[in-house]
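# Structure assessment
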Amino acid sequence: MSSTMVDERVTDEIEALKAILLDNELNIKENDRGEPECIETILFPSTGEDSQSQYVCVTLIVRLPLGYPDVSPTISLRNPRGLDEDTVKLMQSDAEAKCKDFIGQPVMFELIELIREHLTRSNLPTDQCAVCLYGFREGDEFTKTECYHYFHSHCLAAHVAAAERYYREEQEKLPQWQQDTTNKFQAICPVCRESINCDVESLWSAPPPIDVEAATDFSVTTELRELQKHMAALYLRQQQRGGIIDLEAEGVKMLVRTEEDAAAAEEVSPPGTSLNTYSNTTTMQSVTQVHSKQSTHQSQNHHSQYQSRNQMQHNHGHNNHNHGHRHRGRGRAHYRRHFDKVRQTESTPR
């Protein structure tokens, strides 16, 4: 079969898909040569014009290999909403079998119809409510959000009311000027955190889930007590084997020790004990050595200061003594010169 004929079949299939599906439901990716290599579309159950009754959906991704449709394409299902894992696996296996049956001819329409049939049969949430963790039973009232996540109506109302109450409490802690500038409360999906719009009052009117009402009160049974004993024994055994991290030992793991200190610690501490005792002993020894060094250093400083002070006093006294002698010498010389002048004056004839 020529490549021109293959291209014509693929081109006709792409044009037909564009004519049937909406632009926001179909995404076609092309390669560098302008040939389609991946087709992606979001599929819903066949409910006619009633889009509010579409409780499940899935994204179908078909990768077209070189040589399609003579070569089977690769199928993958992404972003399932309201579907459990078993249902998705069943749709995947049926789609792969359909591709093998239609080798040599376009298979996109067959795949779309097959997935829609599965979604129509499973148009009821098969997963669990993310709030109460119970499934959906016949008679439960549930709500589908814009992001295609499902909750019991009563559970979603309780979640939104609790979130709004917490928001109000946090708002009251802010100053008044910040309260005026903050955004209003916006409910978000408990699963994907997308913004959702819901009427809490109407959701509160729904009855609680059947499994929640039928659930018995929690009590510690004999089996639970036996399990607690078994887990306690397992914990002790793992701790003795070193499988449990000792936080005290981790705190001193990087402590530098000498061989003598390690030997002393082994003699003092029995096997299996924590290194906290050794750490405290080593710390006290280090502190004592530091205090001893500080005391010796301070004593030496005091002695040096005392010697310096005595030396300064001695030098000061010596300087004062010399200063007095110098003044006395100056006084005698001055007195002698004055006395000599007086004698010369008296002995000189007038």
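Each chain has its residues counted from 1, following the order in which its sequence is written. Confidence filtering applies because this is a predicted model: local features only for residues at pLDDT of at least 70, side-chain atom pairs given and counted only at 80 or more, and all residues used for totals across whole chains, interfaces and linings. No hydrogens and no water enter the side-chain calculation; it runs on all heavy atoms of the structure.

We now examine the nonpolar core. For our purposes a nonpolar core is just a set of buried Ala, Val, Leu, Ile, Met, Phe, Trp, Tyr and Cys residues, chained together by side-chain atoms within 4.5 Å. Residue burial is assigned from relative accessible area. The probe radius is 1.4 Å, only protein chains are included, and a residue is buried under 20% of its type maximum, exposed over 50%, and partly exposed in between. Counting 45 residues, the largest nonpolar core has L60, L111 and L119 as its most contacted members. The element best represented in this core is helix α3 (residues 108–121), accounting for 6 residues. Setting aside chain neighbours within four positions, we find L119 in contact with L43, F44, P45, V56, C57, V58, L83 and M91. Every helix listed is a DSSP run of H or I at least four residues long, and every strand listed is a run of E at least two residues long, numbered separately from the N terminus. By the convention used here, residues are in contact when the closest approach between their heavy atoms is within 4.5 Å.

To continue, consider the pattern of salt bridges. A pairing counts as a salt bridge when a side-chain nitrogen of Lys or Arg comes within 4 Å of a carboxyl oxygen of Asp or Glu. This model, assessed by the stated rule, comprises 7 salt bridges. One salt bridge in this structure joins R116 and E113, with 3.8 Å as the shortest N-O distance. Placement of the pair is R116 and E113 together in helix α3, with a separation of 3 residues, close to one helical turn. The exposure class assigned to R116 is partly exposed, which follows from its relative accessible area of 24%. Close ionic contact of R137 with D211 constitutes a salt bridge, the shortest N to O distance being 2.4 Å. In this pair, R137 is assigned in the loop between α3 and β5 (142–144) and D211 in helix α7 (residues 210–214), connecting sequence segments 74 residues apart. On the basis of relative accessibility, which here comes to 16%, the residue D211 falls in the buried class.

Expected span of a helix, by definition, is 1.5 Å for each gap between consecutive residues, and there is one gap fewer than residues. Under the 1.5 Å per step criterion, the end-to-end length of helix α4 (residues 153–172) is 29 Å for 20 residues, consistent within 8% with the ideal 28 Å. Burial in α4 covers these residues: S153, C155, L156, A157, V160 and Q171. Those residues of α4 hidden inside the fold are in contact with β5, β6 (150–152), α5 (176–181) and α6 (200–204).

If DSSP finds at least two bridges between two strands, the strands pair. Where strand β1 (residues 26–30) meets strand β2 (residues 36–43), 5 bridges bridge the pair, whose relative direction is antiparallel. Opposite E30, over in β2, you have P36 as the bridge partner. With antiparallel pairing between neighbouring strands as the criterion, β1 and β2 make up a hairpin whose turn holds 5 residues, including G34 at a positive phi of roughly 80 degrees.

Secondary-structure assignment places S76 in strand β4 (residues 74–81). Excluding residues within four positions of it along the chain, S76 makes contact with T59, L60, I61 and Q92.

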